[in-house]
Amino acid sequence: MKKILIINGPNLNLLGTREKAVYGNETLEDIARKTNLEAQKLNVDVDFIQTNHEGEIIDRIHEARGKVDVIIINPGAYTHYSLAIRDAIKAVEIPAIEIHLSNIHAREEFRSHSVIAPVCVGQICGFGSISYILGLNAAAML
Ligand code: DQA
């Protein structure tokens with residue numbers, strides 16, 4: 001069975017209460033539940049994690065080597081400046097998909113630049129929690 005690691009970065013644990021007009025009402029647990037249901041339909045194995053720490057994201061990417069087929073990552077604000085996460089994705093040579101709830105290209109100028117996107121297969125953003133479902137479907141088809 002295909003193994004997919006979904007990494008959620010900083011502040012995503014606050015979904016449901018955080019900037020609802022931008023990120024919606026669903027909590028990260030709601031999104032995890034939806035994503036796990038989709039995983040059952042697609043017959044893929046999903047590990048859904050969240051951390052506020054850059055180093056832990058990097059450790060999880062390293063640990064995925066040889067164990068995970070595809071990484072889906074919502075790096076939160078690290079998207080815009082973490083060269084260390086970018087280097088980790090590049091180093092492990094696991095296909096990665098960048099996802100965002102919001103359309104990062106339609107917000108503040110600094111959000112439209114992702115340092116992660118160039119080392120990913122592609123980027124999905126702007127669909128709210130559906131970005132996770134779309135990302136999972138893409139991962140299942142890779
Ligand atoms: C986000 C977009 C980022 O710019 C922001 O820092 C986040 C959430 C999103 O999912 O829309 O924390 O990654």
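The model shown is predicted, which means the values in this text are computed figures rather than measured ones.

Calculation rules
Residues numbered from 1 in each chain as written. Predicted model: local features only at pLDDT ≥ 70, side-chain atom pairs only at ≥ 80, totals over all residues. Heavy atoms only, no water. Helix = DSSP H or I, 4+ residues; strand = E, 2+ residues; numbered from the N terminus. Rg over C-alpha atoms; globule rule 2.2 N^0.38 Å. Buried < 20%, exposed > 50% of the residue type's maximum accessible area, 1.4 Å probe, protein only. Contact = heavy atoms within 4.5 Å. Areas by Shrake-Rupley, 256 points an atom, 1.4 Å probe, with all protein chains shown as cover. Lys, Arg positive; Asp, Glu negative; His and termini not counted. Charge placed at Lys NZ, Arg CZ, Asp CG, Glu CD. Pairing = 2+ DSSP bridges. Axes fitted to C-alpha atoms, helices over the stretch in contact; angles between N-to-C directions. Patch = residues over 30% accessible without salt bridge, like charges linked within 9 Å, V, L, I, M, F, W, Y side chains within 5 Å. Salt bridge = Lys/Arg side-chain N within 4 Å of Asp/Glu carboxyl O.

What follows deals with the overall build of the protein chain. Within the protein chain, the regular secondary structure consists of 5 helices and 5 strands. The globule rule puts the C-alpha radius of gyration for 142 residues at 14 Å, and the 14 Å found for the protein chain is close to it. Considered along the principal axes of its C-alpha atoms, the protein chain spans approximately 40 × 35 × 25 Å. For the protein chain, buried positions account for 48% of its 142 residues. A separation threshold of at least 6 residues defines the contact pool for the protein chain, and within that pool the share at least 24 residues apart is 76%. Taken as a whole, the protein chain presents about 7100 Å² of accessible surface, with 52% of it coming from carbon and sulfur. For the protein chain, the centre of its 14 positive side-chain charges and the centre of its 17 negative side-chain charges are spaced 3 Å apart.

Take the environment of Gly122 next. Assignment of secondary structure puts Gly122 in strand E5 (residues 122-125). Between the C-alpha atom of Gly122 and that of Asp30, which follows or precedes it by 92 residues, the distance is 24 Å. When neighbours within four sequence positions are excluded, Gly122 is seen to be in contact with Ala96, Ile97 and Glu98.

What follows covers the sheet that holds strand E2 (residues 45-50). Pairing within the open sheet is parallel, and its 5 strands lie in the order E2-E1-E3-E4-E5. Each of the sheet's edge strands pairs with one partner strand only, and the pair in question is E2 and E5. The sheet shows a mean angle of 20° between the axes of neighbouring strands, direction not considered. As paired strands, strand E1 (residues 3-8) and E2 are joined by 6 bridges and run parallel to one another. From the neighbouring strand, Ile7 faces E2, where its bridge partner is Ile49. Along the sheet face, helix H2 (residues 28-42) touches E1 and E2 and points at about 170° away from the line of E2.

There is a patch of nonpolar side chains on the surface, built from Phe127, Ile130 and Leu134 and spanning about 270 Å² of accessible area. Taking the relative accessible area as the measure of exposure, Phe127 reaches 47% and is therefore partly exposed.

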